[in-house]
Amino acid sequence: GMAVRKSVLGAEYVARAEANKSEFDEDWQRYVTEHAWGAIWTRPGLGKRIRSMLTIAMLAALGRHDELGAHIRATRNTGFTKEEVKEVLRQVALYAGAPAANIAFAVAKRVYKEMEGEGK
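Since the model is a prediction, treat every value here as computed from it, not as a measurement.

A. Spatial organisation of helix 4 (residues 48–62). Along its 15 residues, helix 4 runs 21 Å from first to last C-alpha, staying within 8% of the 21 Å computed at 1.5 Å per residue. Buried within helix 4 are the following residues: Arg51, Ser52, Thr55, Ile56, Leu59 and Ala60. For helix 4, the arc enclosing every buried residue in end-on projection is 160°, short of the 170-degree limit, so these residues lie on one face. Residues Met58 and Leu62 are exposed on helix 4 and point more than 90 degrees away from its buried face. Looking at the buried positions of helix 4, the neighbouring elements they touch are helix 3 (26–40), helix 5 (65–78), helix 6 (82–96) and helix 7 (98–117).

This is the structure we're talking about:
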């Protein structure tokens, strides 16, 4: 799971998460890596691009803004384009409501601005 996690979120992101884990959340971090990244993201039924799309839609609809930002940033590794992100967020507006999409657009705008500042 760790290899997939790094390939999606980026080695730097994962290194920061690993450096910040403590005895308190060590088991939780292992659980997430094994189950989310090892058991789900590695399944053959959907590729990284589609999983990225679904993840962004669900995080936006559920208002999970910190994770949404991480997955917007991860689109540079998953092949999910900025235009496709905009379309998914429009879909979120239709089915999860304008407030959820409005905040998701703000998160995406902030993350893309940061990425442009990094030259990526």
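B. The arrangement of the packing of helix 4 against helix 6 in detail. Packing of helix 4 against helix 6 leaves a shortest axis separation of 9 Å and a crossing angle of 40°. Taken together, the axes of helix 4 and helix 6 lie oblique to each other. Where helix 4 crosses over helix 6, the handedness of that crossing is right-handed. Facing Arg49, Met53, Ile56, Ala57, Ala60 and Ala61 of helix 4, the residues of helix 6 in contact are Glu84, Val85, Val88, Leu89, Val92 and Ala96. When grouped by side-chain class, the residues that make up the contact of helix 4 with helix 6 number 10 nonpolar, no polar and 2 charged.

Analysis parameters
- Residues numbered from 1 in each chain as written.
- Predicted model: local features only at pLDDT ≥ 70, side-chain atom pairs only at ≥ 80, totals over all residues.
- Heavy atoms only, no water.
- Helix = DSSP H or I, 4+ residues; strand = E, 2+ residues; numbered from the N terminus.
- Expected span 1.5 Å × (residues − 1).
- Buried < 20%, exposed > 50% of the residue type's maximum accessible area, 1.4 Å probe, protein only.
- Arc of directions from axis to C-beta.
- Contact = heavy atoms within 4.5 Å.
- Axes fitted to C-alpha atoms, helices over the stretch in contact; angles between N-to-C directions.
- Parallel < 35°, antiparallel > 145°, perpendicular 65-115°, else oblique.
- Left-handed = near helix turned anticlockwise from the far one by under 90°.
- Nonpolar A, V, L, I, M, F, W, Y, C, P; charged D, E, K, R; others polar.

What is shown is where atoms sit, not what they do.
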